[in-house]
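Survey of secondary and tertiary structure
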Amino acid sequence: MSVFDKLLNKSFNRRKFVTGAAATSAAVGLGMSGRLFAQAADYKLPLVLSGDEVNLSIGYQTVNLTGSERTATTVNGSLPGPTLHFKEGQRIKLNVKNNLAHDASIHWHGIILPTEMDGVPGLSFDGIKPGETYEYEFDLNQSGTYWYHSHSGFQEQTGVYGALIIDAKDSDPVQADRDYVVLLSDWSDDDPNDIYANLKKMSHFYNRQERTMSDLWSEVKKKGVEQTWEDRAMWNNMRMSDRDISDVTGYTYTFLMNGATPAQNWMGLFGKDEKIRLRFINAAAMSIFDIRIPGLSMKVVATDGQNIEPVTVDEFRIGVAETYDVIVEPSADSAYTLFAQTIDRSGYACGTLTPNPEWRAEIPEMDRAPILGHRDMGMSHHGSMDHSSMQNDSMNGGSMNHSNMDHNSMDHSMHKGLGKAGMGSNNEIKHAPTEFGPHVDMRAEMPQSGLHDPGVGLRNHKKALGRKVLTYGDIYNLTPTIDRREPEREIQLHLTGNMSRYMWSMDGIKFADAEPLILTYGERVRITLVNDTMMTHPIHLHGMWSELETGEPDYIPRKHTILVQPGSKISYLVSADALGRWAYHCHLLYHMPGMMREVRVVKGKKKQPMMNHHNHHDNHD
Amino acid sequence: MTLKHSLTAITLCGMPLMANAGAKDDPLLSMVMVDEFSWVENEDDTYIFEGEAWFGYDLNKLWLKANIERHHGDTEEIELQALYSKAVAPYWDFQMGVRKDLLPNPDQHWAVIGFKGLAPYFFEIDSALFIGESGQTGLRFSAEYEMMLTQQWVLSPEIEANFYGKDDAERSIGSGLSDTEISLQLRYEVTPKFAPFIAISRNNSYGDTVNFLRAEGESANSTEYKIGFRAWF
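Note that the structure is a prediction, hence the values are computed from the model and not measured.

1. Section: the overall build of chain A
Per the secondary structure count, chain A includes 7 helices and 33 strands. Across the 621 residues in chain A, those meeting the buried criterion constitute 64%. In chain A, once contacts between residues fewer than 6 apart in sequence are set aside, the share between residues at least 24 apart is 78%. Put simply, chain A shows about 22000 Å² of open surface, and 50% of that area lies on carbon and sulfur atoms.

2. As for the sheet that holds strand β3 (residues 53-64) of chain A
Residue and element names in this part refer to chain A. Strand order in this open sheet of 4 strands is β4-β3-β6-β8, and the pairing throughout is mixed. Two strands lie at the open edges of the sheet, namely β4 (69-75) and β8 (133-139), each paired on one side alone. For this sheet, the mean angle separating the axes of adjacent strands, direction not counted, is 20°. Judged from the 7 bridges that link them, β3 and β4 form a sheet pairing that is antiparallel. The partner of glutamine 61 across the bridge, within β4, is alanine 72.

3. Some words on the environment of A:Ala444
All names here are of chain A. Along the chain, alanine 444 falls in the loop between α5 (408-416) and β22 (448-449). For alanine 444, a relative accessible area of 0% translates into the label buried. Put simply, alanine 444 and glycine 567 are 123 residues apart on the chain and 5.4 Å apart in space, counted from C-alpha to C-alpha. Alanine 444 has contacts with Met377, Gly378, Ile429, His431, Asn531, Asp532 and Gly567, leaving out every residue within four places of it along the chain.

4. What to know about the interface of chain B and chain A
Every contact between the two is made by 47 residues of chain B and, on the other side, 56 residues of chain A. Taken as a group, B:Pro90, B:Tyr91 and B:Tyr121 account for 17% of the area that chain B buries against chain A, more than any other trio of residues on that side. The tally of links between chain B and chain A comes to 4 salt bridges. The shortest N-O distance in the salt bridge between B:Asp93 and A:Arg501 comes to 2.9 Å.

5. Describing the sheet that holds strand β13 (residues 266-269) of chain A
Residues and elements named next belong to chain A. Strand order in the open sheet formed by 5 strands is β13-β21-β20-β15-β18, with mixed pairing between adjacent strands. The sheet terminates laterally at β13 and β18 (315-318), the two strands that pair on one side only. When strand polarity is set aside, the average angle formed by the axes of neighbouring strands in this sheet is 20°.

6. Considerations on helix α4 (residues 213-238) of chain A
All names here are of chain A. Given a rise of 1.5 Å per residue, 26 residues ought to cover 38 Å, yet the end C-alpha atoms of α4 are separated by just 19 Å, more than 12% below that figure. Considering bend angle alone, the principal kink of α4 is centred on glycine 224 and spans about 115°. Taken as a whole, α4 has its buried residues at Glu219, Thr228, Arg232, Ala233, Met234, Trp235, Asn236 and Met238. Arginine 239 occupies a position one or two residues after α4 and carries a positive phi of about 60°.

7. So, the confidence of the model for chain A
Residue and element names in this part refer to chain A. Put simply, chain A has an average pLDDT of 87, and 84% of its residues get 70 or more. Confidence drops under pLDDT 50 across residues 1-16; counting only partners more than four residues distant or on other chains, this segment forms 29 contacts. Taken together, the stretch residues 18-41 has pLDDT below 50 and engages in 46 contacts with residues farther than four places along the chain or on a different chain.

8. Brief notes about the packing of aromatic side chains
When we look at a pair of aromatic rings, we describe it by the centre distance and by the angle of the planes. Tallied over the full model, the rule gives 28 aromatic pairs over all chains. Residues A:Phe280 and A:Phe316 carry aromatic rings whose centres are separated by 5.5 Å and whose planes lie at 75° to one another, so their mutual orientation is edge-to-face. Residue A:Phe280 is located in strand β14 (residues 276-282), and its partner A:Phe316 is located in strand β18; the two are separated by 36 residues in the primary sequence. Classification of A:Phe280 by relative accessible area gives buried; the value is 0%. A relative accessible area of 0% means that A:Phe316 is categorised as buried. With a centroid separation of 5.0 Å and 45° between ring planes, the pair formed by A:Phe339 and A:Tyr348 is classed as tilted. According to the relative accessible area criterion, A:Tyr348 is partly exposed, its value standing at 24%. Each member of the aromatic cluster is reached from another via a ring pair, and the members are A:Trp108, A:Phe125, A:Tyr134, A:Tyr136, A:Phe138 and A:Tyr148. Taking NZ or CZ as reference, A:Arg443 lies 4.0 Å from the ring centre of A:Phe436, over its face. For B:Arg99, the ring lying beneath its charged end belongs to B:Phe130, and the centroid distance is 4.4 Å.

9. Things to note about the pairing of strand β5 (residues 83-87) of chain A
Residues and elements named next belong to chain A. Buried residues dominate β5, accounting for 4 of its 5 residues. By the bridge criterion, 2 bridges tie strand β2 (residues 48-49) to β5 in an arrangement that is parallel. Note that in β5 the partner of valine 48 across the bridge is threonine 83. Sheet topology places β5 next to strand β10 (residues 161-167); 4 bridges connect them, and they run parallel.

10. A closer look at the nonpolar core
Among the nonpolar cores identified, the biggest contains 162 residues, and A:Trp108, A:Leu278 and A:Tyr590 are the most heavily contacted of them. Among the elements that make up this core, the one with the highest residue count is strand β11 (residues 178-188) of chain A (6 residues). Counting residues domain by domain, this core receives three or more from each of domain 1 (43-172) and domain 2 (374-618) of chain A. Not counting the four nearest positions on each side in its chain, A:Tyr590 is found in contact with A:Phe154, A:Gln157, A:Pro192, A:Ile195, A:Tyr196, A:Leu199, A:Val248, A:Tyr253, A:Met286, A:Tyr502 and A:Trp504. One finds A:Val120, A:Phe511, A:Ala583 and B:Ala21 within the second-largest nonpolar core, a separate group that totals 7 residues.

11. Quick look at the pattern of salt bridges
A side chain of one charge can pair with a side chain of the opposite charge if their charged atoms are brought near each other. Scanning the entire structure with this criterion turns up 59 salt bridges over all chains. A:Asp103 serves as the salt-bridge partner of A:Lys129, at 2.7 Å between the closest nitrogen and oxygen. Here A:Lys129 is found in the loop between β7 (107-109) and β8, whereas its partner A:Asp103 is found in the loop between β6 (91-98) and β7, with 26 residues between them in sequence. Its relative accessible area of 31% is what places A:Asp103 among the partly exposed residues. A salt bridge links A:Lys510 to B:Asp25; its shortest N-O distance comes to 3.5 Å.

12. Quick look at the side chain of B:Arg230
As for its placement among the helices and strands, B:Arg230 is situated in strand β13 (residues 222-232). Among all residues touching B:Arg230, those that are not within four sequence positions of it are B:Val34, B:Asp35, B:Glu144, B:Glu146, B:Gln185, B:Arg187, B:Lys193, B:Phe194, B:Ala195 and B:Phe197.

13. Some remarks on the side chain of B:Thr46
Residue and element names in this part refer to chain B. Along the chain, threonine 46 falls in strand β2 (residues 46-56). Classification of threonine 46 by relative accessible area gives buried; the value is 2%. At a separation of 3.2 Å, a polar atom in the side chain of threonine 46 contacts the side chain of asparagine 42. At a separation of 2.9 Å, a polar atom in the side chain of threonine 46 contacts the side chain of histidine 71.

Rules used in this analysis
Residues numbered from 1 in each chain as written. Chains lettered and ligands numbered in written order. Predicted model: local features only at pLDDT ≥ 70, side-chain atom pairs only at ≥ 80, totals over all residues. Heavy atoms only, no water. Helix = DSSP H or I, 4+ residues; strand = E, 2+ residues; numbered from the N terminus. Buried < 20%, exposed > 50% of the residue type's maximum accessible area, 1.4 Å probe, protein only. Contact = heavy atoms within 4.5 Å. Areas by Shrake-Rupley, 256 points an atom, 1.4 Å probe, with all protein chains shown as cover. Pairing = 2+ DSSP bridges. Axes fitted to C-alpha atoms, helices over the stretch in contact; angles between N-to-C directions. Buried area = accessible area lost by both parts, 1.4 Å probe. Salt bridge = Lys/Arg side-chain N within 4 Å of Asp/Glu carboxyl O. Expected span 1.5 Å × (residues − 1). Bend = angle between axes of the 7 residues up to and from the residue. pLDDT = per-residue confidence, 0-100. Phe/Tyr/Trp six-rings, centres within 6.5 Å; stacked < 30°, edge-to-face > 60°. Lys NZ or Arg CZ within 6 Å of the ring centre and 35° of its normal. Core = buried A, V, L, I, M, F, W, Y, C linked by side-chain atoms within 4.5 Å. Domains from an automatic or database assignment. Polar contact = N/O pair within 3.5 Å; in protein donor to acceptor, adjacent residues only side chain to side chain.

See the structure below:
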């Protein structure tokens, strides 16, 4: 019996839920190249916890992911925290003890539950004080791949996160022989408060892919001085960089797959003719990943825990806080690299799927770093638009120079433009007066729909690299839409910011100054997000599903986190079926403090047709 | 009273309405910048310190600026400014406050109004109007550009010009355009926070300033070579 067979038989049963090949360094490296020797698995995998009652404790833990020791904040001493494994229909009790010197919390990301169980300090509860235990207790009425994380301070960056997997009560439409969690995260040896301060003081601090003179020189050689000058004009006038993809990068981050660094290389084993379910979870603080497995196509079967009509792709983007379940059917004569490069190509997380623990596949080169274009600034990408019509405040101009906008017309237009459920918004894009000032550096004038856009850095992959990339437009729910009502009103919400001052907001109003967004219990609304920045923002609504309008009213997919492409718009429906106070925010950790709203679902008269974000702002005046 | 203010009032009465839900978005921060600490290769054995510091929030800051020059081991120039800095546009801060020149003697006080920010085409601008207690007025304008040669090598041309309202023989200042400095700095950003540099700068004087300087036996124009560093924390 070979080492491989022993391992396979001993460690795993078929159909058993596993988190990966644990520390089996004795078996790894025998007779292999020096490189593989160095990669002996020395990482510790999180435990899997089940049962009706689970005790979790948040505490400090010394870790060494870069060669230097640091203090992480972890759940039950592991990074990531334990994988929680339950079954739909269970009522679970989660006792969370806080052993930190600061307030802590756990939010169960994507789980539909009562507001006081949602774990958001200041909205759901007061947070968990040092030394105290909070008893979460709720019913699990859903199945799929989810995760949990702290909602206090920047604890998520330093390790308070883990996977939350719920098996279906009835038979799972997704059948697999093996089941792996692939949880991605980003680790920095720096204190997250210092990272935030660095960004406030120098927003491009972590960008090591800035435009240089040699970029300019190659453009001049290719296009000539005149054309180059013209092409650069917009960026120069707007004082923005087309290389500004990620705020925090591989310059400080080490990217982790199930807690393992690329050098440690997480490993998942498989047997002959097995179907493997990979549950990708993006638990990173700031890193959006593009995932592929060279040599394998992936059948995407679920996103954000919800089953979708299977779609086969070669590559997909996973925003911070999103989850994707894919099925792969590898051949037993090869190892494969799970490759998760960051959106800005400043680094990657990786691991190995292999039938033999001694095998490793080649780690591919990262793709070219994306360069932003007019489309990502919310401008027409046909180039027909005059640059000067792009709204960008100069020293004197702009700040209050929007008198051409007719505010009175806004409310009326809200009614006539209400498109059919599932088809998205036809409404005119309006920028609220609060979007003008030193805190907002751009507004998308002609935002395109982000639905069929694979996103910056992935757009030409089909043509250039032969890779089919998933877009939101490819996603349809597996089962029919539950709430078939048409939306009664539309809320247009703009994602706003000033990159160079590192200020983030919605409609130009930061969370601390914002009034809650009021939804009436029972109503069905459309939310249209307009991204007035050139960053990709993952927007997460707590407590209720974000039903992404991908063009098929009968099969609207339900998500908890929606990626909004730079300078683009996207629409989804929300059934306000959960009373209480809910957080609604960008899930990039350092955007979240400002780019957040409280959504308050209140009992009330059936309709409040005048309530949209514009008259919402008028309250200030 | 607007809804927002009434909510604030309720919060002050003890109802926990203020949701933290994460981290503070606009914490009190401070930044200390050594724009230039350099030794100048000239007969005066000159050291130059140009620094700034701020304390405050996203849109409102207390801003301090200092310029110090030493020649032959003696501090000959100390200029300090304390300014309130308010963001008025996405890339511009309005700054207002006081300036005190401790040296050269006798000391001098000024009121300051200025704009600091980033102009189109990425020119970093710092401009200020000074109104002295003696009735003297001054205008300073500086513009800097950063050319990224690589991710860490930066070539940075800078121009500074000083204008004055009237002659001040004591300080060798002539009215109108008094002096300019055009420099080219090559620095290597070891980290974003620390960068040693070498620089060449051309200093010119104009108008009556030239006459005052010549009368004192000093040169009106000079080319200087510098070595130093810039840093912030």
